[in-house]
Structures are given as C-alpha cells and as structure tokens.
Amino acid sequence: MSILKVAKLGNPVLRQMAKPVPVGAIKDHEIQRLIKSMVATMREYGGVGLAAPQVHESVQIFVIEGLEGTGPGRQKPTQLQVLINPVLTVASDELEEDWEGCLSIPDLRGQVPRHREIQVRALGADGHQVDFRATGFHARVIQHEHDHLIGKVFLDRMRSFESLTFLPEFSRYWQGQKTEA
Ligand code: NI
C-alpha cells in the first residue's frame with residue numbers, strides 16, 4: 001500500500017477509456033494492492049472519490065468515501081465503496097447543479113449538472129456484484145468518478161464556465177450558496 005501520484009489535467013491517461021477488470025483478476029494481489037493504495041491516496045488528499053486513471057492505471061475501478069456536508073442530499077455519510085466495472089443507469093431525468101472539484105484539476109471548483117438519481121451495478125472489491133440506487137451528492141460523486149473511466153472530467157459537463165472558480169474565491173464569494181437548480 002502506498003500513496004500514489006495523482007495525474008493532472010493534460011495527462012493523456014485522463015482522456016483514455018479505462019479497461020474493464022477481468023472478474024477472475026479482482027482478487028489478484030496486484031488489483032487488491034491498487035485498491036488499497038487508491039483508498040490511501042484518496043484519504044491522504046482529502047478527496048471524496050478517486051478513480052484508477054487518476055493514479056495512472058487505465059482500469060475501471062473507483063473508490064468513494066465520506067460524503068458528508070450541509071447541503072441537500074449530503075446529510076448521510078457514506079461508507080467506503082469500491083466499485084469495479086460499474087454500469088450506471090439514469091433513474092431520474094431530473095438534473096441538479098452543484099459544485100464539484102477534482103484532485104486532477106487542483107484549486108478549481110465549478111457547477112456541474114448531474115442526474116439526481118441513478119441505479120448502479122458494479123463489482124465490489126471481493127468480486128461480488130452490487131446493485132443499488134444512489135441519490136443526491138452520492139449519485140453526483142459516482143457520476144463524477146464514472147466519467148473518469150470514460151475519459152471525461154467535470155469541466156466537460158459544465159453548462160458554462162461562468163461559475164468556474166479558484167478555491168480562495170470559492171470560499172470568499174460562493175461557499176454556502178444554495179446551488180440546486
Ligand atoms: Ni475527479
């Protein structure tokens with residue numbers, strides 16, 4: 001287990017389609033070590049999610065944890081989730097705008113529309129299938145991380161760049177503002 005270097009915007013690995021993990025390989029030492037290192041890296045940098053391409057591994061794995069906050073949909077902290085080969089299905093046409101940041105795009109925040117509710121099917125770190133519904137901020141983080149597996153970043157999803165904001169300006173002008181569309 002180690003803290004991994006995070007790929008920054010401009011690194012081609014962030015724009016590639018990540019490969020699925022063969023089911024039989026999930027329990028391999030290499031994949032298990034990658035997952036542990038991704039969790040450690042996410043925690044080290046205070047992220048709520050991290051996808052494998054962000055640590056230079058173009059495979060379909062992401063980890064999410066600790067979705068606490070004060071806005072609507074953020075009240076429930078979420079346990080660590082490891083999702084492998086995830087398939088997302090839109091469960092609500094309703095879109096919500098809220099702030100996102102990304103460890104690969106440091107120091108910026110922007111408002112991004114996401115589906116309010118999604119159905120998620122994936123494999124867990126033990127190789128077993130999980131199937132669940134996610135809403136609000138949980139659904140947002142999953143959509144953000146899933147985008148990393150298909151070569152997308154949150155900037156690609158913004159309706160306009162008018163809300164794009166550096167962190168000090170975010171704290172000064174925007175924090176606490178209700179952003180649900
Ligand atoms: Ni990201």
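Starting afresh in each chain, residues are numbered from 1 along the sequence in its written order. Per-residue local features of the predicted model are confined to residues with pLDDT of at least 70, and side-chain atom pairs are confined, for both listing and counting, to 80 or more; whole-chain, interface and lining totals are unaffected and use all residues. Based on all heavy atoms of the structure, the side-chain values leave hydrogens and waters out of the count.

**Topic: the coordination of the nickel ion**
A donor here means an N, O or S atom no more than 2.8 Å from the metal, or no more than 3.2 Å when the metal is Na, K or Ca. Since water is not included, a site may seem to lack partners. Surrounding the nickel ion are the protein donor atoms Cys102 (SG), His144 (NE2) and His148 (NE2), at 2.1 to 2.2 Å. Expressed as a motif, the donor residue spacing for the nickel ion is C-x41-H-x3-H. In this pair, His144 and His148 are both assigned in helix H2 (residues 136-149), 4 residues apart and thus about one turn of the helix distant. For helices the rule is a DSSP run of H or I covering at least 4 residues; for strands it is a run of E covering at least 2, with both sets numbered from the N terminus onward.

**Considerations on the pattern of salt bridges**
Here the idea is simple: oppositely charged side chains can pair when their charged atoms come close. The term salt bridge refers to a pairing of a side-chain nitrogen on Lys or Arg with a carboxyl oxygen on Asp or Glu at a separation within 4 Å. Scanning the entire structure with this criterion turns up 11 salt bridges. Salt-bridge contacts for Glu94 lead to Arg116; the nearest nitrogen and oxygen are separated by 3.1 Å. Of this pair, Glu94 sits in the loop between strand S3 (81-90) and strand S4 (95-102) while Arg116 sits in the loop between strand S5 (105-115) and strand S6 (117-123), and the two are 22 residues apart along the sequence. Burial classes follow relative accessibility: with a 1.4 Å probe on protein chains only, a residue under 20% of its type's maximum area counts as buried, one over 50% as exposed, and anything between as partly exposed. Judged by relative accessible area, Arg116 falls into the partly exposed class, the value being 25%. Here Arg114 ties to Glu100 by a salt bridge, and the two come within 2.8 Å at their closest N and O atoms. A residue pair is termed long-range when its members are at least 10 positions apart, and Arg114 in strand S5 and Glu100 in strand S4 qualify at 14 residues. We note that Arg114, like Glu100, is buried. Sharing partners across several salt bridges, the network here consists of Glu100, Arg114, Arg140, Asp147 and Arg157.

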